[in-house]
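Residues per chain, in single letters:
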There are 4 protein chains.
Amino acid sequence: MTEQANRYRDIGRLLLSCRDRPGIVAAITRFLYEFGANIIHSDQHTLDPFGGQFFIRIEFFLPDLERREEEIRRAFSPVADTFEATWRLSIAERKKRLAIFASRADHALLELLWRIRNGDLYADVRMVISNHTNLEPMVASFGIPFHHVPISSETRRQAEEREWELMGGEIDLIVLARYMQILSPQFLERYRNRIINIHHSFLPAFVGADPYGAAYERGVKLIGATAHYATEELDAGPIIEQDVMRVDHSYSVADMRRIGRYVERAVLARAVDWHLQDRIIVFQNKTIVFV
Amino acid sequence: MTEQANRYRDIGRLLLSCRDRPGIVAAITRFLYEFGANIIHSDQHTLDPFGGQFFIRIEFFLPDLERREEEIRRAFSPVADTFEATWRLSIAERKKRLAIFASRADHALLELLWRIRNGDLYADVRMVISNHTNLEPMVASFGIPFHHVPISSETRRQAEEREWELMGGEIDLIVLARYMQILSPQFLERYRNRIINIHHSFLPAFVGADPYGAAYERGVKLIGATAHYATEELDAGPIIEQDVMRVDHSYSVADMRRIGRYVERAVLARAVDWHLQDRIIVFQNKTIVFV
Amino acid sequence: MTEQANRYRDIGRLLLSCRDRPGIVAAITRFLYEFGANIIHSDQHTLDPFGGQFFIRIEFFLPDLERREEEIRRAFSPVADTFEATWRLSIAERKKRLAIFASRADHALLELLWRIRNGDLYADVRMVISNHTNLEPMVASFGIPFHHVPISSETRRQAEEREWELMGGEIDLIVLARYMQILSPQFLERYRNRIINIHHSFLPAFVGADPYGAAYERGVKLIGATAHYATEELDAGPIIEQDVMRVDHSYSVADMRRIGRYVERAVLARAVDWHLQDRIIVFQNKTIVFV
Amino acid sequence: MTEQANRYRDIGRLLLSCRDRPGIVAAITRFLYEFGANIIHSDQHTLDPFGGQFFIRIEFFLPDLERREEEIRRAFSPVADTFEATWRLSIAERKKRLAIFASRADHALLELLWRIRNGDLYADVRMVISNHTNLEPMVASFGIPFHHVPISSETRRQAEEREWELMGGEIDLIVLARYMQILSPQFLERYRNRIINIHHSFLPAFVGADPYGAAYERGVKLIGATAHYATEELDAGPIIEQDVMRVDHSYSVADMRRIGRYVERAVLARAVDWHLQDRIIVFQNKTIVFV
């Protein structure tokens with residue numbers, strides 16, 4: 001067993017959401033206590049303290065967690081029902097399986113692969129899929145399968161079927177690491193809130209193609225990047241993370257594109273990390289991120 | 001009743017620390033639930049997940065909190081004793097009473113007064129004490145009592161007695177807003193962890209006098225400020241908050257001093273805010289800040 | 001003579017723009033040398049190194065500058081004509097005269113007044129004009145004339161005439177310090193590139209009213225502020241400076257408004273400072289800021 | 001010819017330092033003009049405007065620069081002598097030759113190699129030297145020679161001789177990318193101001209070994225990294241660049257070490273970039289960095 005796995009050994013994460021009312025936290029913490037769990041972190045949020053939507057994320061330590069998982073699920077279900085809550089339980093040690101989609105640019109992909117290899121991101125990259133071939137050697141040097149799936153406007157449907165087949169229902173999260181193709185509504189729907197995209201502007205500014213060109217034209221003094229869950233409407237999905245970098249009049253569009261890569265890769269990596277650690281709840285096209 | 005007070009109406013804050021063991025969170029949350037409280041925020045920290053020191057801050061809403069305060073304290077005491085915990089309960093609506101000590105510089109003082117008047121800091125400034133007189137008109141324009149207590153090396157003892165008399169045991173927090181005098185160990189001890197100082201460097205770099213001069217000499221590319229609880233050892237107390245600003249070769253010592261004021265005032269204001277909101281626990285010369 | 005004035009004593013600033021071609025810098029620096037000037041700073045920018053527009057800002061020391069000003073202007077004019085350049089010469093010691101327009105909010109105004117009093121901004125505030133009266137005492141405490149000019153949709157024209165009369169052609173720069181009224185195209189035209197506005201979003205995101213409300217709705221993770229020269233098209237003038245602050249799901253619209261004031265005041269103060277120091281050239285709805 | 005080389009084609013950089021006096025800029029710019037050069041950027045700095053040390057960096061375009069290099073040097077020498085100036089002329093297109101020294105950690109090295117491959121750093125990495133072998137495959141995947149030079153306290157002298165032999169007088173810059181060995185004074189002297197080291201703290205705080213451990217003990221709220229030229233006195237050389245990241249009470253030493261890598265690699269890359277672009281002048285153990 002690796003050191004990484006040990007860090008997450010016997011750690012569970014419970015995420016729950018329901019209408020707010022007194023007693024929810026008491027009920028959950030009592031439940032966990034009676035199972036022998038020790039709470040390590042607890043974060044909560046209420047949209048309106050008086051009757052709004054309530055969200056909680058609890059990280060706990062429970063010996064033999066994996067063996068007892070089903071037992072816990074069965075026992076917790078009626079507790080959650082009392083509050084008409086939606087919830088999920090996640091085993092921290094169980095690595096999420098990733099498919100990373102890329103095109104020609106390597107920076108976002110390399111950053112993810114490096115962080116995963118170093119254990120800063122805890123994930124199992126099952127494959128990289130690209131509509132180009134130039135990244136194959138780099139991906140191979142990490143020992144990860146690379147699949148070339150070329151796409152044209154005529155072959156979009158077949159390409160998505162091919163991608164679907166490659167993933168084989170075994171993928172927990174798709175990361176679009178500067179993947180320059182549009183996904184179909186059907187594809188997006190099947191992976192709702194499980195596809196993270198990086199857009200190279202501080203949304204909602206500069207939606208769509210060539211945001212650096214648009215930023216240059218407007219003469220902004222900051223350029224940014226936004227990681228969000230991909231939805232049918234382009235660049236309009238729930239925002240997970242954003243950051244910016246300072247530019248000035250001396251930056252050409254090419255300069256912005258060049259330095260923008262550094263903020264893109266950092267923002268995407270943070271968003272992926274939070275998803276992998278079950279820190280994100282999506283509610284009404286916004287994210288609650290417990291960090 | 002003002003809008004500000006309403007925001008804090010019937011909000012309580014419970015801070016507790018003890019050796020970690022399972023069941024603490026369950027016991028506290030059950031206690032609060034049985035009293036009819038609704039938990040709004042909850043943060044916790046454990047120094048070592050397996051048997052280390054445990055810290056928790058819970059913010060809760062409980063109708064009629066002030067009237068029921070004593071009842072809660074009496075009832076909670078045996079619960080806390082079970083865990084051999086130290087704890088405090090704070091009524092959010094009850095403004096903390098401040099004495100601000102200043103010398104000649106106005107920036108840190110003005111920032112605090114402005115934030116308090118705007119309701120960004122929730123406090124009751126009872127007095128400003130200074131060893132100079134130049135700030136009197138500004139303080140007066142805020143309607144706050146100003147006391148001039150001159151200090152020389154011979155009169156330090158009497159000056160501190162005068163300050164003591166002015167405060168009259170009615171002050172919850174002393175803020176040293178660029179107060180350029182050393183306080184005696186006796187004075188510091190009486191207000192242990194209740195005196196916040198702003199030092200104009202990123203500690204532990206540049207302890208002592210003239211940190212900007214020392215920063216200039218070393219040729220650093222960042223200058224900083226540190227808010228900390230004052231202790232007997234100079235600039236060595238528990239750090240609450242720090243921040244930095246970028247400088248380059250073109251900055252003279254005077255330039256650093258000038259721009260440094262902006263980071264000093266921001267860092268001090270954040271530290272004071274966290275203290276006022278009972279977000280800070282001091283443990284072994286370090287702070288746990290629940291933000 | 002104050003210390004501030006001494007800092008700027010005998011300092012001149014020459015800003016010039018023309019089509020790029022070899023020899024411009026040599027001609028200007030030779031001209032200054034022959035007049036006995038010593039160049040202190042020099043910044044330049046070319047939109048396209050091969051034949052694009054060229055911009056330069058030179059700061060120089062020349063004994064007896066004010067007395068020799070006209071002589072220099074006359075002598076430099078034919079030099080500039082050789083390059084078909086537009087140019088301006090500014091005497092650093094000569095304080096620019098400001099009119100600050102405000103409404104109810106005090107933060108941006110107070111920041112400017114405080115920085116001016118401390119010498120961090122080098123300007124002469126001739127008056128504060130407001131369509132409300134609440135800020136009068138604060139302005140008075142700085143010893144600055146306050147004029148109340150109420151505005152309604154029917155009286156806009158007369159109000160602007162009144163403002164015009166108050167300023168009497170003696171104002172170099174108008175700062176809109178969260179002034180919540182629209183200025184007429186005629187007014188804006190008369191002060192083209194001499195009216196600085198602070199908008200409470202990172203433009204071009206959230207143009208128009210209630211940007212914090214819109215930011216909340218979209219679920220952004222950064223809020224920002226933008227200082228720009230006011231033009232006829234709302235929030236579309238040349239951007240001078242922008243900055244952002246981090247927010248998360250726990251921020252209400254009111255929270256964003258509250259913390260947003262800190263980034264607004266900082267961004268506005270930097271933009272005003274750069275204008276006062278003749279660091280800004282406007283070209284095709286963008287700014288070149290030499291810092 | 002690659003796109004990168006084109007960007008630097010016929011671009012020269014002149015760095016000069018002398019006692020300040022009027023006429024220096026005029027003399028240099030006139031010299032360049034008469035050679036047919038067009039000035040692209042010009043930055044200058046004076047330690048004290050009245051008779052202090054003067055520094056200037058001029059970037060210029062001159063057709064056929066490489067062919068005319070010697071001619072320019074010969075012609076400029078008497079001009080510089082007039083001012084008793086020290087100076088250097090650099091041909092931008094000529095890639096600096098790098099040796100990167102590393103130990104076990106890969107992050108700083110990988111960042112440099114990636115930026116060089118992408119053209120964000122313009123350099124020719126001639127070799128990577130390490131006292132360990134684990135980084136060999138990664139270095140090989142970039143097509144760069146890797147040399148394993150083991151070091152113990154007994155073999156330090158021989159190891160340095162071996163390194164010297166490997167570099168063969170053909171290296172312009174040595175980068176210590178988290179190289180965990182001390183270099184001898186003789187070694188350092190031979191590469192004075194041409195060895196860049198990255199130290200994992202914001203110097204002068206936490207000099208020496210285990211800065212993250214020391215930062216944890218002191219309870220700081222920011223951790224940092226410092227790139228500096230290596231000198232005989234440990235961690236005391238001229239600082240080139242520094243940056244920080246926010247931490248809080250929840251960070252263990254291991255967490256600090258983990259996230260610290262991100263600020264280390266960014267700070268080192270910026271410092272190396274500035275050296276490669278001849279933006280740095282060292283004067284009295286401080287750097288003037290023209291950016």
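Residues numbered from 1 in each chain as written. Chains lettered and ligands numbered in written order. Predicted model: local features only at pLDDT ≥ 70, side-chain atom pairs only at ≥ 80, totals over all residues.

Trainee: Got a sec to walk through the overall build of chain A? Specific residues and values, please.
Mentor: On a plain count of helices and strands, chain A comes out with nine helices and 13 strands. C-alpha atoms of chain A, sized along the principal axes, occupy 60 × 45 × 35 Å. Taking all 291 residues of chain A together, 43% fall into the buried category. Contacts in chain A between residues far apart in sequence, at least 24 positions, make up 68% of those at least 6 positions apart. (Helix = DSSP H or I, 4+ residues; strand = E, 2+ residues; numbered from the N terminus. Buried ≥ 20, exposed ≤ 12 C-beta atoms within 10 Å, placed from the backbone. Contact = placed C-beta atoms within 7 Å.)

Trainee: I'd like a rundown of the sheet that holds strand β8 (residues 173–176) of chain A, residues and numbers included.
Mentor: Residues and elements named next belong to chain A. Taking strand neighbours across the sheet as the criterion, the seven strands line up as β7-β6-β5-β8-β9-β10-β11 in an open arrangement whose pairing is mixed. Edge positions in the open sheet fall to β7 (146–148) and β11 (239–246), since each of these has one partner strand only. The average angle at which neighbouring strand axes cross in this sheet is 20°, direction not considered. Across three bridges, β8 lies against strand β9 (residues 195–199) in parallel orientation. Within β9, the residue paired with I174 across the bridge is I195. (Pairing = 2+ DSSP bridges. Axes fitted to C-alpha atoms, helices over the stretch in contact; angles between N-to-C directions.)

Trainee: Give a detailed account of the domain arrangement of chain A, specifying residues and quantitative values.
Mentor: Residue and element names in this part refer to chain A. Domains assigned within chain A are domain 1 (3–91) and domain 2 (96–289). A C-alpha centroid distance of 30 Å is found between domain 1 and domain 2. If you look at the interface, domain 1 gives ten residues, while domain 2 gives seven residues. Among the secondary structure elements, those contributing two or more residues to the side of domain 1 that touches domain 2 are α1 (3–8), β1 (11–19) and β3 (53–61). Residues belonging to the side of domain 1 that touches domain 2 are distributed by class as follows: three nonpolar, five polar and two charged. (Domains from an automatic or database assignment. Nonpolar A, V, L, I, M, F, W, Y, C, P; charged D, E, K, R; others polar.)

Trainee: Explain the relation of the copies chain C and chain A to me, using residue names and the numbers behind them.
Mentor: What relates the pair of chain copies is a rotation about an axis plus a shift along that axis. Each copy of the sequence occupies a distinct position, and chain C is placed on chain A by a rotation of 180° and an axial shift of 0.0 Å, giving an RMSD of 0.0 Å. As the rotation angle and translation indicate, the two copies are arranged about a two-fold axis. Within chain C, A205 of chain C has its C-alpha nearest the rotation axis, a separation of 2.3 Å. The fraction of interface residues of chain C whose copies in chain A are also interface residues reaches 100%, indicating that both copies meet through the same surface. (Least-squares fit on C-alpha atoms with pLDDT ≥ 70 in both.)

Trainee: Residues and numbers for the interface of chain B and chain A, please.
Mentor: Between chain B and chain A, the contact holds 17 residues from the first and 18 residues from the second. Secondary-structure elements contributing two or more residues to the side of chain B that touches chain A are α2 (24–34) and β2 (38–46) of chain B. With seven residues, β2 of chain B is the largest single contributor of residues to the side of chain B that touches chain A. Along the lines of polarity and charge, the residues of the side of chain B that touches chain A split into eight nonpolar, eight polar and one charged.

Trainee: Could you give an account of the sheet that holds strand β2 (residues 38–46) of chain C, naming the residues involved and the relevant values?
Mentor: Residue and element names in this part refer to chain C. Taken in spatial order, the four strands of this open sheet run β2-β3-β1-β4, and their pairing is antiparallel. On the outer flanks of this sheet lie β2 and β4 (86–91), each paired with one strand and no other. Across the sheet, the mean angle separating the axes of adjacent strands is 10° when strand polarity is ignored. Two elements, strand β1 (residues 11–19) and β4, share six bridges in a ladder whose sense is antiparallel. Counterpart to L15 in the pairing with β4 is R88. Strands β1, β2 and β3 (53–61) of the sheet are contacted by helix α2 (residues 24–34), whose axis makes an angle of about 20° with β3.

Trainee: Let's hear about the packing of helix α4 (residues 107–117) of chain B against helix α9 (residues 253–276) of chain B: which residues, and what values?
Mentor: All names here are of chain B. Contact pair α4 / α9: the axes reach a minimum separation of 9 Å and the direction vectors enclose 45°. Overall, the two elements α4 and α9 adopt an arrangement that is oblique. For the element pair α4 and α9, the recorded crossing hand is right-handed. Residues H107, A108, E111, L112 and R115 of α4 touch α9, and the partners they reach there are R261, E264, R265, L268, A269 and V272. Per-class residue counts for the contact of α4 with α9 are five nonpolar, one polar and five charged. (Parallel < 35°, antiparallel > 145°, perpendicular 65-115°, else oblique. Left-handed = near helix turned anticlockwise from the far one by under 90°.)

Trainee: Let's hear about unusual backbone geometry: which residues, and what values?
Mentor: The amide bond that connects L203 of chain A to the next residue, P204 of chain A, takes the cis arrangement and shows omega of 10°. Mapped onto the elements, P204 of chain A comes out in the loop between β9 and α8 (211–218). Its identity is not glycine, yet D10 of chain B carries a phi of approximately 65°, on the positive side. With respect to the secondary-structure elements, D10 of chain B resides in the loop between α1 (3–8) and β1 (11–19). Judged by the 19 C-beta atoms lying within 10 Å of it, D10 of chain B is partly exposed. Phi at D210 of chain B takes a positive value of approximately 55°, unusual for a residue other than glycine. With respect to the secondary-structure elements, D210 of chain B resides in the loop between β9 (195–199) and α8 (211–218).

Trainee: Before we move on, can you summarise the environment of R265 of chain C with the specific residues and values?
Mentor: Residue and element names in this part refer to chain C. Within the fold, R265 resides in helix α9 (residues 253–276). The buried category is assigned to R265, around which 24 C-beta atoms lie within 10 Å. Those residues in contact with R265 that sit more than four places away from it in its chain are H107, A108 and E111.

Trainee: Tell me what's going on with the interface of chain C and chain A, and back it up with residues and numbers.
Mentor: With 22 residues of chain C in contact, the opposing surface of chain A contributes 22 residues. The residue inventory of the side of chain C that touches chain A, partitioned by class, reads ten nonpolar, seven polar and five charged.

Trainee: An account of the pairing of β3 of chain A is requested, with residue identities and associated values reported.
Mentor: On a regular strand, one side chain projects to one face of the sheet and the next to the other, so that they alternate. Residue and element names in this part refer to chain A. Judged by how many residues are buried, β3 sits mostly within the fold: seven of nine residues are covered. Note that β1 and β3 share nine bridges and pair antiparallel. Residue pairing across strands places L14 opposite I58, the latter belonging to β3. Where strand β2 (residues 38–46) meets β3, eight bridges bridge the pair, whose relative direction is antiparallel. Its bridge partner being in β3, H45 is matched across the sheet by F55.

Trainee: How would you explain the confidence of the model for chain A if you had to name every residue and give the values?
Mentor: Confidence in the prediction for chain A averages 95 pLDDT; 98% of positions are at 70 or higher. Across the interface, the model reports ipTM at 0.94; the global pTM reads 0.96. (pLDDT = per-residue confidence, 0-100.)

Trainee: Hey, could you go over helix α8 (residues 211–218) of chain C for me, with residue numbers and the actual values?
Mentor: Helical geometry note: an α-helix holds 3.6 residues per turn, so side chains three or four residues apart project in the same direction. Residues and elements named next belong to chain C. Taken together, the buried positions of α8 are occupied by P211, Y212, A215 and Y216. The arc that holds the buried residues of α8, viewed along the axis, is 140°, so those residues lie on one side. Looking at the buried positions of α8, the neighbouring elements they touch are β10 (222–229) and α9. Trailing α8 by a residue or two, G219 shows a phi angle of about 75°, which is positive. (Arc of directions from axis to C-beta.)

Trainee: Before we move on, can you summarise the environment of K96 of chain B with the specific residues and values?
Mentor: Residues and elements named next belong to chain B. Looking at the secondary structure, you find K96 in strand β5 (residues 96–102). According to the C-beta neighbour criterion, K96 is partly exposed, with 19 such atoms within 10 Å. Taking the C-alpha atoms as reference points, K96 and E69, 27 residues apart in sequence, are found 17 Å from one another. With near-sequence residues (within four places) excluded, K96 lies in contact with A123, D124, D172, L173 and L276.

Trainee: Pulling in residues and values, what's your account of the pairing of strand β6 (residues 123–130) of chain B?
Mentor: Residue and element names in this part refer to chain B. The buried fraction of β6 is high, at six of eight residues. Pairing between β5 and β6: seven bridges, direction parallel. From the neighbouring strand, R97 faces β6, where its bridge partner is D124. You can see the chain leave β5, run along α4 and come back into β6, and the turn it takes is right-handed. (Right-handed = clockwise from strand over helix to strand, strands pointing away.)

Trainee: Can you explain helix α4 (residues 107–117) of chain A? Please cite residues and give values.
Mentor: By the criterion of burial, α4 of chain A is predominantly enclosed, with ten of the eleven residues buried. G119 of chain A occupies a position one or two residues after α4 of chain A and carries a positive phi of about 80°.

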